[in-house]
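Each chain is listed here by its residues.
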Amino acid sequence: MESAETNALSLTESEKSIFITRTYGWMALALFISAVTAFFTARNIFTENGGATAFGRFLFANGMVGFFVLAIAEIVLVFWLTRSIRKISVQAATVAFVAYSVINGITLSSIFIAYKISSIASAFFGCSAMFLALCFYGSTTKRNLLSMGKYLMMGLIGILIASLVQMVIGFFTKTPLTMLDLLISVATIIVFTGLTAYDAQKILKTAEQANGSDDYKKVAIIGALELYLDFINLFLTLLRLFGKRR
């Protein structure tokens, strides 16, 4: 009897470990895909003579129509993946997740044009250290962070509204709203700091119920997507605040 209970406990711990490893593994893979895609996209935006390639013109010419088309495609893909995750197969979820990583990598290529490589590297390593510390805290703290979810989402909605207002005002006035941009950046750091710890604890709680079924394999992909978005938003905000422009 005791041996059966021990085996069951061992199996539970094994499934928990597999789920956590799978989730963080997917997240790391997505970051790698986006980084490689962004780097090679940036290298193919301009010709040797300094002019824009056809791909560069697609992304940044004509009011950056191509860039915004890809940005909208990202939003649609995330919305579809989160809404359809229960119905689609593991393979379809995997393809959608990888596709999102590639598209986001293309849109991220603009940072190689706007910022110095040293600033990008500093922001990346600083964000990585911050992200790991927050995930460790979220996974080990005894405090229940899940109750913070609704407040963090309210903060995120507030950031989106403020960013939209900033974009509209900036479009019509043609002047940078420096103070508003600073406030949005600080708020973004605060909200995604909380979301990273929150998501890490949520993944840990989910892992305690995990098994080897396809449903949990798909949940791992969604968890990886949430962590990926936390990391990217922290990284871009740190880069915007502290990065040196070209």
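Quick look at the structure, then.

Section: a nonpolar patch on the surface
Link 1 in the chain: A contiguous nonpolar surface patch, about 460 Å² in accessible area, is contributed by Leu29, Phe32, Val36, Phe39 and Phe40.
Link 2 in the chain: When you line up the elements, phenylalanine 39 lands in helix α1 (residues 2-43).
Link 3 in the chain: Owing to a relative accessible area of 36%, phenylalanine 39 belongs among the partly exposed residues under this scheme.

A closer look at the packing of helix α3 (residues 65-84) against helix α4 (residues 90-108)
To describe two helices that pack against each other, one gives the angle between their axes and the distance between the axes.
Link 1 in the chain: Closest axis-to-axis distance for the α3/α4 pair is 10 Å, and the angle between their directions is 155°. When the axis of α3 is compared with that of α4, the two are roughly antiparallel. Judged by the twist between their axes, the crossing of α3 over α4 is left-handed. From α3, Phe67, Leu70, Ala71, Glu74, Leu77, Val78, Trp80 and Leu81 reach across to α4, where they touch Ala93, Ala96, Phe97, Ala99, Tyr100, Ile103, Asn104, Ile106 and Thr107.
Link 2 in the chain: Of the residues assigned to the contact of α3 with α4, the class counts are 14 nonpolar, 2 polar and 1 charged.

Quick look at the side chain of threonine 188
Link 1 in the chain: With respect to the helices and strands, the residue threonine 188 is situated in helix α8 (residues 178-207).
Link 2 in the chain: Note on threonine 188: relative accessible area 6%, which makes it buried.
Link 3 in the chain: One polar contact links the side chain of threonine 188 to the main-chain carbonyl oxygen of isoleucine 184, over a distance of 2.7 Å.
Link 4 in the chain: Residues within four places of threonine 188 in sequence aside, it is in contact with Ile159, Asn233 and Thr237.

Let's talk about the environment of valine 102
Link 1 in the chain: If you trace the backbone, valine 102 turns up in helix α4.
Link 2 in the chain: By relative accessible area, which is 30% here, valine 102 ends up partly exposed.
Link 3 in the chain: Counting along the chain gives 66 residues from valine 102 to valine 36, while the straight-line C-alpha distance between them is 8.8 Å.
Link 4 in the chain: Apart from the residues lying within four places of it in its own chain, the contact partners of valine 102 are Ile33 and Thr37.

Concerning the nonpolar core
Link 1 in the chain: Membership of the largest hydrophobic core comes to 56 residues, with the highest contact counts inside it found for Met27, Leu81, Phe231 and Phe235.
Link 2 in the chain: Elements that contribute at least two residues to this core include exactly α1, α3, α4, α5 (110-114), α6 (117-140), α7 (149-173), α8 and α9 (214-242).
Link 3 in the chain: No other element matches the 13 residues that α9 contributes to this core.
Link 4 in the chain: Setting aside residues no more than four positions away along its own chain, methionine 27 makes contact with Phe131, Ala224, Leu227, Tyr228 and Phe231.

As for α7
Link 1 in the chain: When the terminal C-alpha atoms of α7 are compared, their 36 Å separation across 25 residues agrees well with the 36 Å that a helix rising 1.5 Å per residue should span.
Link 2 in the chain: Inspection of α7 places Gly149, Leu152, Leu156, Ile159 and Gln166 among the buried residues, and these make up the whole buried set.
Link 3 in the chain: Close packing links the buried residues of α7 with α8.
Link 4 in the chain: Directly beyond the C-terminal end of α7, a positive phi value near 60° is found at lysine 174.

So, the pattern of salt bridges
Link 1 in the chain: Scanning the entire structure with this criterion turns up 5 salt bridges.
Link 2 in the chain: The shortest N-O distance in the salt bridge between aspartate 214 and lysine 217 comes to 4.0 Å. You can see aspartate 214 and its partner lysine 217 sitting in helix α9, 3 residues apart, about one turn around the helix.
Link 3 in the chain: We classify aspartate 214 as partly exposed; its relative accessible area is 45%.
Link 4 in the chain: Here the salt bridges do not stand alone but share partners, grouping Asp199, Lys202 and Glu226 into one network.

Quick notes on the side chain of glutamine 201
Link 1 in the chain: Considering the arrangement of structural elements, one finds glutamine 201 in helix α8.
Link 2 in the chain: Looking at glutamine 201, the relative accessible area reads 3%, which means it is buried.
Link 3 in the chain: Apart from the residues lying within four places of it in its own chain, the contact partners of glutamine 201 are Gly138, Thr141, Arg143, Asn144, Leu145 and Leu146.

What counts, and at which threshold
Residues numbered from 1 in each chain as written. Predicted model: local features only at pLDDT ≥ 70, side-chain atom pairs only at ≥ 80, totals over all residues. Heavy atoms only, no water. Patch = residues over 30% accessible without salt bridge, like charges linked within 9 Å, V, L, I, M, F, W, Y side chains within 5 Å. Areas by Shrake-Rupley, 256 points an atom, 1.4 Å probe, with all protein chains shown as cover. Salt bridge = Lys/Arg side-chain N within 4 Å of Asp/Glu carboxyl O. Helix = DSSP H or I, 4+ residues; strand = E, 2+ residues; numbered from the N terminus. Buried < 20%, exposed > 50% of the residue type's maximum accessible area, 1.4 Å probe, protein only. Axes fitted to C-alpha atoms, helices over the stretch in contact; angles between N-to-C directions. Parallel < 35°, antiparallel > 145°, perpendicular 65-115°, else oblique. Left-handed = near helix turned anticlockwise from the far one by under 90°. Contact = heavy atoms within 4.5 Å. Nonpolar A, V, L, I, M, F, W, Y, C, P; charged D, E, K, R; others polar. Polar contact = N/O pair within 3.5 Å; in protein donor to acceptor, adjacent residues only side chain to side chain. Core = buried A, V, L, I, M, F, W, Y, C linked by side-chain atoms within 4.5 Å. Expected span 1.5 Å × (residues − 1).

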